Amino acid sequence: MSAMQSNSSLRIGVVCYPTYGGSGVVATELGLGMARHGHEVHFISYRQPARYKGYKANVYYHEVSNADYPLFEFTPYDTALASKLVEVVQRENLDLLHVHYAIPHATVAFMAREILKVRGLNIPFVTTLHGTDITLVGQSPNFSPVVEFGINSSDGVTAVSKSLKRDTLSNFNITTQIDVVPNFIDLERFKKIDKEHFKLAIAPGGERILTHVSNFRAVKRVEDVVRIYSKICKHFPSKLLLIGDGPERYRVEELSKELKLCDDVLFLGKQDAIEELLAISDVFLMPSESESFGLAALEAMACQVPVVSSNAGGLPEVNIHGETGFLSEIGDIDDMAANTLKIISDDKILAGFRERAYAQAQRFDIEVVLPAYEAVYRKVLAASQILA
Ligand code: GMT
């Protein structure tokens, strides 16, 4: 049976960053979902993806070794990855590659595809654009011509929101079709669970719990989170949980000290069981400068936590103003604080926001979104077999 037929299982190579970043999480959860749907999935990266733990049927991992040599001041990872792709595609007889985050994965996949062509093999690749590869890093003159080439050379391109598609079309000279396939959520894992004892330990006086999860990069504006909280806690008893780690953490800790909030702001660092912390949260704060989708906000909503966010990028496609939470202009901390107070000041109002946040999260159920990726794979395979 040919791989383009709608019921045949595929052998898919997945290239991603293995870290806790959004693109790595989406790549891993999607790969694992595809494996559950009967496809054979091969992760190819420099480390085992953080969300891929333990044995899973139909899932394999191939490590790219970082060949060190005294001549190299910068180890050529792109070359090592392309060589690994060539090796794995041939040995495992893969049908297609799906690369997440354009830099450098799209051009590396292009390189592998061209090498394999010379060897008589036809292997198409799909590139998923995630956000900062387009809106931030990809804009740099150090990368932009290569990013544009990588996108245009892909056999299929997906973007995680309409907003990211618009940004891609306006920032690059794009000659290929971009399909929008949103981020998704596993509602079996991210759900409201009873963690009352946990809540009591953090907020013994019944205070409301506000939560922020990110990689603490400047684009997340974590300082705004603390400033928003400093306004809220004057009006309503509450605690702030800051989850994650990254370059801005030190500055944010300093700011909390300066604002004398240390007793009520808890820095929890990187956490695996985010859903347990979301289960005790009342509002999720996401004041990002730029956010192609906002996967962390979707995870919160799946746990019935309303979201107070900026209106950056794709956030309005996820967080519906006045329904699942509120949107404000980037940097408008007064408005974000006022909106949070509107939600937390009344049990009934909070319950309504919780309900609607959960209903919205259900629209992004992995079981709804995964077939859209499968459709992109079939389309790309069909086109490449016609061209071959
Ligand atoms: O949030 C980050 O900075 C990590 C980044 C990534 O690519 O690893 O996340 C991006 O991809 C996520 C998954 O598609 C999106 O949900 C995030 O909104 C996006 N981040 C930004 O656009 C800043």
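Attention here is on the structure that accompanies the text. Note that the structure is predicted; figures quoted are calculated from it, not measured. (Residues numbered from 1 in each chain as written. Predicted model: local features only at pLDDT ≥ 70, side-chain atom pairs only at ≥ 80, totals over all residues. Heavy atoms only, no water.)

## Remarks on the overall build of the protein
Within the protein, the regular secondary structure consists of 15 helices and 13 strands. In terms of overall dimensions, the protein is globule-like: its C-alpha atoms have a radius of gyration of 22 Å, near the 21 Å expected for 388 residues. The principal-axis extents of the C-alpha atoms in the protein amount to approximately 70 × 50 × 40 Å. Going through the 388 residues of the protein one by one, you find that 55% of them count as buried. (Helix = DSSP H or I, 4+ residues; strand = E, 2+ residues; numbered from the N terminus. Rg over C-alpha atoms; globule rule 2.2 N^0.38 Å. Buried < 20%, exposed > 50% of the residue type's maximum accessible area, 1.4 Å probe, protein only.)

## Observations concerning unusual backbone geometry
Among all residues except glycine, the phi angle is most often negative; among peptide bonds, the trans geometry is most common. P104 follows I103 through a cis peptide bond whose omega is -10 degrees. With respect to the helices and strands, the residue P104 is situated in helix α3 (residues 102–118). Phi at N58 takes a positive value of approximately 75 degrees, unusual for a residue other than glycine. Summarising the element assignment, N58 is placed in the loop between β2 (40–45) and β3 (59–63). For N58, a relative accessible area of 31% translates into the label partly exposed. Despite not being glycine, Q304 shows a phi value in the positive range, around 65 degrees. Considering the arrangement of structural elements, one finds Q304 in the loop between α11 (295–302) and β12 (307–310).

## A look at the site of the ligand
Near the ligand, the surroundings consist of 19 residues, among which H130, N183, K220, E291 and S292 are the closest. In the model, an oxygen atom of the ligand is placed 3.0 Å from a nitrogen or oxygen of the S23 main chain. Within the contact set of the ligand, an oxygen atom lies 2.7 Å away from a side-chain nitrogen or oxygen of H130. Here the ligand, which alone exposes 480 Å², has 96% of that area covered by the protein. Among the elements that line the shell around the ligand, the one with the most residues is helix α1 (residues 22–36), at three residues. The residue inventory of the shell around the ligand, partitioned by class, reads five nonpolar, 11 polar and three charged. For the shell around the ligand, the domains that each give at least three residues are domain 1 (11–184 + 366–383) and domain 2 (196–362). (Near = heavy atom within 4 Å. Polar contact = N/O pair within 3.5 Å; in protein donor to acceptor, adjacent residues only side chain to side chain. Areas by Shrake-Rupley, 256 points an atom, 1.4 Å probe, with all protein chains shown as cover. Nonpolar A, V, L, I, M, F, W, Y, C, P; charged D, E, K, R; others polar. Domains from an automatic or database assignment.)

## Quick look at the side chain of S163
The topology assignment puts S163 in helix α6 (residues 162–171). Only 3.4 Å separates the side chain of S163 from the backbone oxygen of G313, close enough to count as a polar contact. If near-sequence neighbours (up to four positions away) are discounted, S163 is found in contact with G313, G314 and E317. (Contact = heavy atoms within 4.5 Å.)

## Some words on the nonpolar core
Core analysis: the largest hydrophobic core is formed by 73 residues, its most contacted members being M34, L129, F284, L298 and Y377. The greatest single-element share of this core, amounting to eight residues, is contributed by helix α15 (residues 366–387). Taken domain by domain, this core gets at least three of its residues from each of domain 1 (11–184 + 366–383) and domain 2 (196–362). Residues within four places of F284 in sequence aside, it is in contact with T211, H212, V213, L278, A296, A297, A300, V305, P306, V307 and V308. (Core = buried A, V, L, I, M, F, W, Y, C linked by side-chain atoms within 4.5 Å.)

## Remarks on the sheet that holds β3
In spatial order, the strands read β3-β2-β1-β4-β5-β6-β7; together these seven strands make up an open sheet with parallel pairing. Either end of the sheet is taken by a strand with one partner, and the two such strands are β3 and β7 (178–180). In this sheet, adjacent strand axes meet at a mean angle of 25 degrees when their direction is disregarded. This element, α6, spans β5 (125–129), β6 (156–159) and β7 of the sheet and lies at about 160 degrees to β7. (Pairing = 2+ DSSP bridges. Axes fitted to C-alpha atoms, helices over the stretch in contact; angles between N-to-C directions.)

## Description of a nonpolar patch on the surface
Residues Y69, L71 and F72 make up a contiguous nonpolar surface patch of about 340 Å² in total accessible area. Within the secondary structure, L71 sits in the loop between β3 and α2 (77–92). (Patch = residues over 30% accessible without salt bridge, like charges linked within 9 Å, V, L, I, M, F, W, Y side chains within 5 Å. Salt bridge = Lys/Arg side-chain N within 4 Å of Asp/Glu carboxyl O.)

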